[in-house]
Structures are given as C-alpha cells and as structure tokens.
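Coordinate inspection notes
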Amino acid sequence: MHSDDSLDPTDWPAFRAQAHAMLDDMLNYTEQLRARPVWQPIPAPIRAHFQEQLPQHGTDLTELHHQFMHDIVPYAIGNAHPGFMGWVQGGGTPVGMLAEMLSAGLNANVGGREQIPIEVERQILHWMRELFAFPASAGGVFVTGTSMANFMAVVIARNRFLGNQSRRTGISESGKKLTAYTSAGAHGCVAKAMDLAGFGTAALRQIPMNDAFQIDLQKLAQQIAIDQAEGDEPFLIVGSAGTVDVGAIDDLAALADLAQQHQCWFHVDGAYGALGMLSAQIAPRLTGIERAASIAFDFHKWGQVPYDAGYLLVRNIQDQLDSFSAPANYLQRETRGMAANSPWPCDLGPDLSRGFRALKTWFTIAAFGTQKLGQIIDNTCALAQYLARSIQEEPKLELMAPVSLNIVCFRYTGLPDLKNMTIEQADVLNNELVIRLQEAGLVAPSSTLINGQFAIRAAFVNHRTTRADVDTLVLSVLRLGDALFASTKPQ
Ligand SMILES: Cc1ncc(COP(=O)(O)O)c(C=O)c1O
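Residues numbered from 1 in each chain as written. Predicted model: local features only at pLDDT ≥ 70, side-chain atom pairs only at ≥ 80, totals over all residues. Heavy atoms only, no water.

Turning our attention to a nonpolar patch on the surface. A cluster of nonpolar side chains, Phe 50, Phe 68 and Ile 72, forms an exposed patch at the surface whose accessible area comes to about 260 Å². Residue placement: Phe 68 occurs in helix α3 (residues 61-72). (Patch = residues over 30% accessible without salt bridge, like charges linked within 9 Å, V, L, I, M, F, W, Y side chains within 5 Å. Areas by Shrake-Rupley, 256 points an atom, 1.4 Å probe, with all protein chains shown as cover. Salt bridge = Lys/Arg side-chain N within 4 Å of Asp/Glu carboxyl O. Helix = DSSP H or I, 4+ residues; strand = E, 2+ residues; numbered from the N terminus.)

Here we take up the pairing of strand β2 (residues 139-143). Both faces of the sheet carry side chains from a regular strand, because those side chains alternate between them. Summarising burial for β2: 5 of the 5 residues are buried, a large majority. Of the two faces of β2, the one carrying Gly 139, Val 141 and Val 143 and the one carrying Gly 140 and Phe 142 are both buried. (Buried < 20%, exposed > 50% of the residue type's maximum accessible area, 1.4 Å probe, protein only.)

If you trace the 7 strands from one edge of the open sheet to the other, you get β2-β8-β7-β6-β5-β3-β4, paired in mixed fashion. Across the chains shown, the open sheet's two edge strands, defined by having one partner strand only, are β2 and β4 (204-207). Taking the axes of each pair of neighbouring strands and ignoring which way they run, one obtains an average angle of 20° across the sheet. Where strand β5 (residues 233-240) meets strand β6 (residues 265-269), 5 bridges bridge the pair, whose relative direction is parallel. When the bridges of β6 are listed, Ser 240 appears paired with Asp 269. Sheet strands in contact with helix α5 (residues 116-132) are β2, β7 (294-298) and β8 (310-314), and its direction is about 65° off that of β8. (Pairing = 2+ DSSP bridges. Axes fitted to C-alpha atoms, helices over the stretch in contact; angles between N-to-C directions. Contact = heavy atoms within 4.5 Å.)

A few words now on the nonpolar core. Counting 64 residues, the largest nonpolar core has Met 128, Phe 132, Ile 295, Phe 297 and Phe 299 as the members making the most contacts within it. It is α5 that provides the largest number of residues to this core, a total of 7 residues. Aside from chain neighbours lying at most four places away, what touches Phe 132 is Ala 274, Met 277, Ile 289, Glu 290, Ile 295, Phe 297 and Leu 313. Residues Met 194, Phe 235, Leu 321 and Leu 348 belong to the second largest nonpolar core, which totals 32 residues. (Core = buried A, V, L, I, M, F, W, Y, C linked by side-chain atoms within 4.5 Å.)

Here the focus is the sheet that holds strand β10 (residues 407-412). Pairing is mixed in the open sheet, where 5 strands are placed in the order β1-β11-β12-β10-β9. Each edge of the open sheet carries a strand with a single partner, namely β1 (84-85) and β9 (397-399). Against the sheet, helix α12 (residues 357-393) contacts β9, β10 and β12 (453-459), and its axis sits at roughly 20° relative to β10. Here helix α14 (residues 467-486) sits on the sheet and contacts β1, β9, β10, β11 (444-450) and β12; the angle it forms with β10, its principal contact strand, is near 25°.

Attention now moves to the environment of Gly 337. Residue placement: Gly 337 occurs in the loop between α11 (317-324) and α12. On the basis of relative accessible area, Gly 337 is assigned to the partly exposed category, the value being 48%. Placed 223 residues apart in sequence, Gly 337 and Glu 114 show a C-alpha to C-alpha distance of 7.1 Å.

This part is about the site of the ligand. Contacts to the ligand come from 13 residues, most closely from Thr 146, Ser 147, Asp 269, Asp 298 and Lys 301. Taking Lys 301, its side chain carries an N or O atom lying 3.0 Å from an oxygen atom of the ligand. Contact with the protein chains covers 85% of the free accessible surface of the ligand, which is 390 Å². Its residues assigned to classes, the shell around the ligand shows 4 nonpolar, 6 polar and 3 charged. (Near = heavy atom within 4 Å. Polar contact = N/O pair within 3.5 Å; in protein donor to acceptor, adjacent residues only side chain to side chain. Nonpolar A, V, L, I, M, F, W, Y, C, P; charged D, E, K, R; others polar.)

Before going further, it helps to spend a moment on the packing of helix α1 (residues 12-31) against helix α4 (residues 94-106). Angle between the axes and distance between the axes are the two parameters that describe a pair of packed helices. Direction vectors running N to C along α1 and α4 enclose 160°, while the axes themselves pass 11 Å from each other. Taken as axis vectors, α1 and α4 run roughly antiparallel relative to one another. The element α1 and its partner α4 pack so that their crossing is right-handed. On α4, the residues touching Leu 23, Met 26, Leu 27 and Thr 30 of α1 are Pro 94, Met 97 and Leu 98. When its residues are assigned to classes, the contact of α1 with α4 shows 6 nonpolar, 1 polar and no charged. (Parallel < 35°, antiparallel > 145°, perpendicular 65-115°, else oblique. Left-handed = near helix turned anticlockwise from the far one by under 90°.)

Spelled out as structure tokens, the structure:
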C-alpha cells in the first residue's frame with residue numbers, strides 16, 4: 001500500500017477506505033461502550049503479542065488495525081467507560097477524538113515559530129485568564145499533566161526566590177534553607193516536584209488536615225513560625241483545589257493571605273478542581289484562586305479533553321520566561337518570517353518539541369461551551385452526593401470522609417458492624433472487594449487509605465456516568481461484601 005520512495009500510500013482510495021473503517025470502529029467503540037466491560041485482566045497470550053522482536057519489514061495496515069481492535073482496545077484501563085470510577089480520570093469525547101486526528105494530520109510542532117497553532121494555544125490562555133480572573137500579564141503553557149505543571153511551578157518559585165543567577169549556579173550556592181508547605185492530603189507529585197527541583201522532599205512540610213480534610217491553617221502558621229525561628233526560609237505554599245483522596249478544597253483565600261504575609265509564592269494544585277470555576281455552584285468555593293501566583297490543572301480530567309492536556313497558568317509571564325527561556329543560535333527570533341512570533345511556548349516550559357494539545361482543548365471548549373461543561377461538572381458532584389446518601393441509608397456501608405466534590409470514600413462493614421471484624425480484616429475484605437469489582441468489569445472504583453484505613457474510592461469524572469451506575473456500584477459492593485463477609489472468621 002505504501003510508495004517505494006516515501007511513507008505515504010500509493011493506493012489512496014484503498015487507504016481512504018481503511019481510514020474510514022478505523023474511524024468507524026472507534027465511533028462504534030464509543031457508541032457501544034456501555035455494553036463492554038469497564039476493564040478486564042490481560043490474558044498472557046495477548047501480552048506476549050507485545051514482546052516481539054523489532055520488525056524489519058512492514059505489516060499490512062488492515063492487519064495492524066485488526067490487532068489493535070483485538071489486542072489493544074479490550075485491554076485499556078477503561079476510563080472512557082461510564083462505569084469507570086477509579087483515580088481521577090476523564091472520559092474524553094468523540095469531538096476530542098476527531099480533534100486529535102486533525103492535529104495528528106497536521107503534525108504541528110508547537111514549540112514555537114510563526115504559525116497559527118500558537119495562536120490557538122494563546123486563545124486558550126485568553127480564556128483561562130478570563131476564567132480565573134488573571135491579569136493580561138499572565139502566561140500559560142500546555143504540558144503533559146498536573147504533575148509536570150506542579151514541578152514547573154516549584155522551579156519558577158525557586159528561581160523567583162533565589163534569583164535568576166541560580167539557574168547557572170544551582171540552588172546550594174545561596175546557602176539558604178528554603179522550605180515549602182502543603183497539606184498532608186496534597187498529591188504525591190508535589191513532594192516529587194520538590195525532589196526534582198533539587199530541594200529534597202524533606203524541605204516540604206506536609207501540614208496535618210482539619211476535619212474537612214483541608215490544610216489546618218493554624219498548624220501551617222505554627223510550622224512557618226517554627227521554621228523561621230530555626231533559620232529556614234519559607235518560599236512556597238501549595239494549596240489544593242480538590243485533593244486527590246477526598247476532593248477537599250483548601251481555604252485558598254486564607255492561604256493567599258499567608259503567602260502574602262510571608263512573601264511566599266502561592267501555587268494552587270487544581271488538577272481537576274480548578275475547572276470547578278466552570279460551575280456556578282463550585283466557583284465561590286474556590287475563592288482565593290484568583291490570587292494565586294500560579295495554577296496547575298488538567299483539561300483531561302473534568303474538562304473531558306482526551307489525554308493528555310495539562311496546563312500551567314502563571315500570573316506574570318515574565319516569571320515563566322525567567323525560568324525557562326534559554327536562547328540558542330538555532331532558535332534565533334525574527335520579526336518576520338517563520339522565526340517570528342516570540343515568545344514561544346518553548347520559552348515558557350521545559351519542552352521544545354511539543355504537540356498541538358491546544359487544538360483538542362479548543363475544539364472541546366468551543367463545541368460544548370462553558371455552560372455545558374460546567375453542567376457536566378455539577379452532574380458528577382450530584383452523583384457523588386447521591387452515592388453518599390445511598391451509603392448513609394445502608395447499614396452495611398460506612399462513609400469514611402465528607403463528600404466535598406465528586407469523590408466518595410466508603411467501605412463495607414457488614415452487619416451488625418465492624419465489632420465483628422477487626423480493622424485489619426475490614427481492610428483485607430474491602431481491598432479484595434475492590435479487586436473483585438474491577439475484575440467483574442461493571443463498575444470500577446479504586447482505593448485509598450483514610451486515616452490509615454482502607455477505603456473504596458469512587459471518583460466521578462466521566463460525563464457518561466449515571467445514577468444507574470451508582471446503583472450498580474452500591475448493589476455490587478453489597479453483594480460481593482456479603483459473600484466475603486460470610487467467609488470472614490468472627491473475632
Ligand atoms: C490533586 C491532584 N494533583 C495532581 C495530580 C496529578 O495530575 P496528572 O496525573 O495529570 O499528572 C492529580 C491526579 O489525579 C491530582 O488529583
């Protein structure tokens with residue numbers, strides 16, 4: 001099918017027919033998602049298909065397409081499926097899928113230069129400035145995800161505090177002992193960012209949470225005072241807009257005040273929660289986010305944009321440039337020609353070559369509008385409340401944390417209650433229960449620990465999930481829980 005001289009097809013009509021078959025298969029996949037299992041274990045022979053030697057000769061595209069449908073599609077993690085409730089993963093949309101195809105066709109390298117894809121990315125920046133009430137001086141850049149965006153924020157805060165020369169001298173030169181602050185409920189990538197930025201995770205103070213799983217402000221202020229008395233220099237406060245375990249929103253306005261008082265960089269990890277700004281119900285609870293020096297968030301979570309589409313928004317683009325621009329002869333800027341249009345995205349983050357993530361984001365926001373996307377976010381929160389109510393009405397289930405947004409942590413306790421089971425037995429039972437739920441493939445939550453105890457964790461992010469899926473979750477937990485409980489030895 002391919003030309004001898006290039007990788008393009010020789011038989012375009014045959015290729016076109018093949019392309020349409022592939023598109024149809026993925027549209028069918030999405031349309032019929034509900035009939036499939038959310039997830040299923042990967043059989044050994046299928047895994048073995050991906051342990052072959054480097055192919056010297058090509059394989060027919062029709063054959064590869066068949067292999068994709070047979071060996072790959074059924075064994076993805078299933079986050080597009082309405083029954084997927086694990087971790088924090090968006091469902092994507094057919095619109096986003098088509099946009100991905102268009103951007104792959106264009107094969108734009110959006111590291112920089114005079115090209116309209118850069119303007120599409122700037123359009124997203126304008127929209128995000130508007131959404132978060134950030135000033136015209138704000139900069140933004142697409143990255144893989146919030147883990148990367150949080151890391152970049154730590155680097156920017158570090159350079160802001162130590163001065164730009166630290167990019168050359170490294171961080172030990174100043175002799176300063178810099179400390180950062182976040183809640184014990186913050187995502188692990190914040191500690192990882194401190195590690196990668198050269199501080200070490202010990203320089204991150206993980207402050208205990210209050211009963212609402214928000215950072216305890218009094219303990220935070222105390223810790224800052226202790227550190228200052230010992231000669232440490234607080235430079236960064238990271239607030240969470242939706243913690244990964246339970247969906248708690250820190251008091252962002254109070255954190256902004258504290259950061260201002262101590263002249264710290266105030267960064268918000270809003271991986272999924274920041275886009276709560278699209279919901280009239282949630283936006284007021286994010287008050288203070290508009291005062292952040294930087295916000296990290298993902299369009300691929302509550303924004304339903306296909307993976308990956310992380311974003312870092314920075315109040316002052318100059319801070320971004322100071323941290324990431326790195327002039328080079330071969331990246332010379334001009335006022336005309338293809339090398340015009342500076343600053344480029346490569347000046348705003350670590351990547352030079354980068355794909356056109358802005359296109360699928362632009363398509364998604366433009367196709368649905370912010371009202372509809374906000375309504376989807378509200379629906380996911382309503383599902384969480386519905387599940388919480390079902391749990392509270394069911395004596396064999398226990399809610400383990402307040403439901404702030406779209407995440408519910410609970411466990412099966414059995415009757416009469418946990419007195420019949422030790423904490424360890426309950427942990428083992430619920431752990432097994434989650435695995436069996438995933439293997440059954442109807443609804444698939446994940447798990448976490450709440451106050452040291454195992455919790456079934458259902459996060460509603462996918463726009464396809466309905467109340468019927470929540471009912472299936474409750475019924476399945478009860479059915480599997482009863483069966484496991486019956487086999488548990490009483491203490
Ligand atoms: C609060 C929070 N922060 C950071 C992350 C990491 O985001 P990503 O997976 O896009 O790197 C997550 C992921 O779920 C999260 O929930």
